[in-house]
Every structure is written in structure tokens, then in C-alpha cells.
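Architecture and fold: a report
If you want the building blocks of each chain, they are given just below.
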Amino acid sequence: MTDIQKMYIGGEWVDSISGESLEVRNPATGEVVGRAAFGDHRDALRAIDAAHAAFPEWSRLLARERSRYLYRLYELVYQHRNELAELVSAEMGKPIREAKGEVVGSADYFLWYAEEAKRVYGETIPSSFPNKRILVHRQPVGVVAAITPWNFPVNMVARKIAPALAAGCTVVLKPAEATPLSAIRLFELIHEAGFPPGVANLVIGQPDKVGEAFLKSPKVAKIAFTGSTRVGKLLMAGAAEHVKRVSLELGGHAPTLVFADADLDLAVKGVFESKFRNTGQMCICTNRLYVERSVAEPFVERLVARVKKAKVGDGRNPDVEVGPVINERGLEKVLNHIEDARSKGAAVVCGGNRLTEGDYAKGYFVEPTVLTGVERGMRVLEEETFGPVLPVAVFDTEDEAIRLANDSPYGLAAYVYTRDLGRAVRVAEALEFGIVGVNDGAPVQTQAPFGGFKESGLGREGGHHAMDEFLEIKHISLAW
Ligand code: ADP
């Protein structure tokens, strides 16, 4: 059990000012798997001060030196991947194989940005005057406050702090209350990597109070957030007071379009992965499946056969493909979505219930569920379910498929299955989404930009694009 009831501020493990702590429970069993400190705005202010004090020196370090710290952190995260994965699985229920994938992917962010740190290039622009030169520099924005969710407890942290540190920013991280344990372990590794005190700080505590400290403090230059659209909007509004920079990775409602000309086996595999991975708790999860009418029946049959084979259980068991949902609130939402669809006429083709027999009774397990005959007006087609429920509808034409897919305030990920190259290009270009997987149910890679259109967010994580989120552009006009 992890029992480090401290926060990491200014290079030291310190008690929270309130002295309060928090229990972390495994959603598969209800057992307590760890304890963490649980502070408030006062701890956040201390951490902001530490980050602010560390900024001048860290931002002036040679890029190569910052790169070396990040590289050491990459090596440490990779070395400790199994231990971190076990923590992730224990604190949020993710199948262990996926947790390992998450941690290895997180290590890769530190590696990638160790390299990217060295490539913050500027520009020279031809001047309109013979005695003037235009130089463009890119400089770190300052202190970054990062707020992360529980669904990828290590990855979401790595994806924010790696580019921020590479750019020369210092950071204060507030992880989700449900998953502080892997964040604590990660910060122990940050300490071991030898980062100077105050460069990276960890505060665990009351979300609204910590969030308010981040927004009110003029020392915080930038808020980097992943979480719900509701909280993202609050942060964006709050950031207006000091015109802080924000990057927001918010909710999604990903459509998947399966055309009659698709490789249906590939589509089954891709849809299964993008719907049920992480027990349907990803903002890029397929949330609505639209299948061309002529293949809808055979496709749904094959898909249901695959879904029925999925083993549900405690994520620490290596055979498990679908774990529990995160908590009681998450469970209720999923069951409400199923019930709402059922009561409005959808057919439950498989699953549809909470699992309550034997060991399942201790956790928040829902049968992997497929619903057909879903229509607009049902919650499953309008809100993010964040659980193992797949609503299926049919379409007749390419235009209709595009219209249905775009009919949402969200615009994070969308998926298309077709063998027709022209259609792949037309549809991918017409979709109002930041990420489009064409015959690909798992489109995220370290070096590719990740982010949403519309109410799914602002800014991009991943790739060289994420560096821009942590850099200001400065024009130096040089005259003589
Ligand atoms: P979810 O519903 O998936 O938990 P949230 O948006 O509530 O999504 O949580 C994502 C992150 O935002 C978590 O770290 C959470 O503690 C934090 N959070 C929640 N409310 C606030 C708030 N008012 N201000 C700042 N952070 C918040």
C-alpha cells in the first residue's frame, strides 16, 4: 500500500497545511489501496511560489541540460514501468496490460520532449528597413499549473509536464483525487532524476480551492487541463481575469462510421478497441457507431460476438479486458444511459446490466453493452457515457453519415472504416474533429497532435505542436 501522505513542493516532501488525508480505493474491490495528503489552496500557493522561484534559473538553463533531466526521467519511468502500471491498475481498475501500455507511452513523452527541448527554433524575417532586423524568439511562458483526470493517471501528467519542462517552464501539478498514488510515485522519480527544487511540484487537494489558487495567482502564467467540459469552461472563464494562457482537453463524443465497403473484421477490431479500452472511459472512445444499412446486420452480429467474448473483472487479473468503472457516480451514469435508451425504444443486443454476482458485487462492474435502434433524444447519443456501452444506428449515404457525425457540440475524435480511398479523404476532411482514425481505432501517438475542435478543447498536446502551448513568441526589432 502506498502511504505517502505528503506533497512534493520545492524539492521536498511536505505535509499538507490542513493535515487532512484521502483514502484511495480500488474500484474493482472497494479495498483501500493507499492514502495521500489532501490539501487546499494554501498548499497550492506554496507550490506556486516554489515554481515561480525556480523559473528564472530553469528557463535559462541550456536546452541540452533540460533535455538531460528529461532523459533521466524517461529512463526511470521506463525502468519502473511495471510498478507504476500496478499502481494505476490498483487505483483506477484499468486492465494491467493497458496500464503497462499507458506507462510505457508516458515514458515515451519524456523521451520525445527530451529531444524536442533542443529544437525550440526562432526565425529571422526580412525587414522593410535597411537598418533593422526582425528576430523572432520563443520563450517559456512561466509557471504552468496542470490539472489532470483519473482515466490515464500517468499519461495525462506526462503529456503535460514533459513539454512544459522541455520548453523551460516550471510546473505545479494537481492530479485527480481518485488517482494520486501513481502521481506520487512519478514525483519520487522526478526527485530521483535530480530536477532542481521547485521545477516540478505536486499538490493533491480540494479541486475547487486548488483550482482557484491557480486562477487567482498572477504568478501562474498558464493552465493546462484535461477533464470535463464543465470544469474546463470554469477554468477558461476564471483564466480571463489575468488573461492566462489555457490549453484544454475536454469531453468527446466520438462517432465511428462503418461504410459497406469496409474491411468488416478490421472494423470490428477497431470499434471494440476504441469503445471498450479503459472500460469505455476515454475522451476519444467511440461513443456512437453509425453503420451503413446494407451491412448493419452482419456487422453488428460479428461485433456482438466479439463483445460477448470480453472478460470482465479486476484489472489486475491479466485475462481481463474490461475492468470496473471508476466509482458509484460513474456507474450510475452508465446505467442511466442504458435505461434511458431502453425506455425510449432502443434494443439491448447484449449486456445491459450491472454485474453483481460473486466478486463482482464488490466493484462497479457493468456488462459490456451494445444497443441498437438508438435515436437522437436518447442520452447515449448526446452525452459522453464514459463506460462500456455502445449505441448503434444506421445510415444510408455518405452525406448523411457526415451530417450525423458532425451533429454534436464535441469535436475530439472520429473514426471511419472504408476501403475506398476517395471516400476516406472526403470524409476525413469533412469531419469536424481534431483526430480522425481512418481504419484505425487507436490513433494516438506521442509525436502526433492530440486535441479537439468545438467544445472538446483548445490547444494541442503531443508532437512538436505541444511545445507551442508553453512558449511565448517574442519579436526583437534590432535597429542601428
Ligand atoms: P471527471 O468528472 O472526469 O472527474 P473533472 O473535470 O471533474 O472530470 O475532473 C478532472 C480534474 O479536474 C480532476 O483533477 C479534478 O480534481 C479537477 N477539478 C474538478 N473540479 C475542479 C475545479 N472547480 N477547479 C479545478 N479543478 C477541478
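Cut-off values and rules
- Residues numbered from 1 in each chain as written.
- Predicted model: local features only at pLDDT ≥ 70, side-chain atom pairs only at ≥ 80, totals over all residues.
- Heavy atoms only, no water.
- Helix = DSSP H or I, 4+ residues; strand = E, 2+ residues; numbered from the N terminus.
- Expected span 1.5 Å × (residues − 1).
- Bend = angle between axes of the 7 residues up to and from the residue.
- Buried < 20%, exposed > 50% of the residue type's maximum accessible area, 1.4 Å probe, protein only.
- Axes fitted to C-alpha atoms, helices over the stretch in contact; angles between N-to-C directions.
- Parallel < 35°, antiparallel > 145°, perpendicular 65-115°, else oblique.
- Contact = heavy atoms within 4.5 Å.
- Nonpolar A, V, L, I, M, F, W, Y, C, P; charged D, E, K, R; others polar.
- Pairing = 2+ DSSP bridges.

With that settled, consider helix H1 (residues 41-60). Its 20 residues place the ends of H1 29 Å apart at the C-alpha level, agreeing with the 28 Å of an ideal helix rising 1.5 Å per residue. Of all the bends in H1, the largest measures some 40° and sits at Ala54, one to four residues before the proline Pro56. All of the buried residues along H1 are Asp43, Ala44, Ala47, Ile48, Ala50, Ala51, Ala54, Phe55, Trp58 and Ser59.

A pair of packed helices can be characterised by two numbers: the angle between their axes and the separation between those axes. For the pair helix H4 (residues 96-116) and helix H5 (residues 155-167), interaxial distance at closest approach is 9 Å and the crossing angle is 5°. What the angle tells us is that H4 and H5 run roughly parallel. Within the contact between the two elements, H4 uses Glu102, Gly105, Ser106, Tyr109, Phe110 and Tyr113 and H5 uses Asn155, Ala158, Arg159, Ile161, Ala162, Pro163 and Ala166. The class makeup of the residues in the contact of H4 with H5 is eight nonpolar, three polar and two charged.

Right, let's talk about the pairing of strand E16 (residues 369-372) for a bit. Sheet analysis places strand E15 (residues 347-350) next to E16, joined by three bridges and oriented antiparallel. Residue pairing for E16: Val348 is matched across the bridge by Leu371. As paired strands, E16 and strand E17 (residues 389-395) are joined by four bridges and run parallel to one another. Along E17, the bridge assignment pairs Thr372 with Val392.

Turning our eyes to something else, we now look at the environment of Val436. Among the secondary structure elements, Val436 is positioned in strand E20 (residues 435-438). Taking the relative accessible area as the measure of exposure, Val436 reaches 26% and is therefore partly exposed. Between the C-alpha atom of Val436 and that of Leu412, which follows or precedes it by 24 residues, the distance is 8.6 Å. Those residues in contact with Val436 that sit more than four places away from it in its chain are Ala414, Val416, Ala428 and Leu431.

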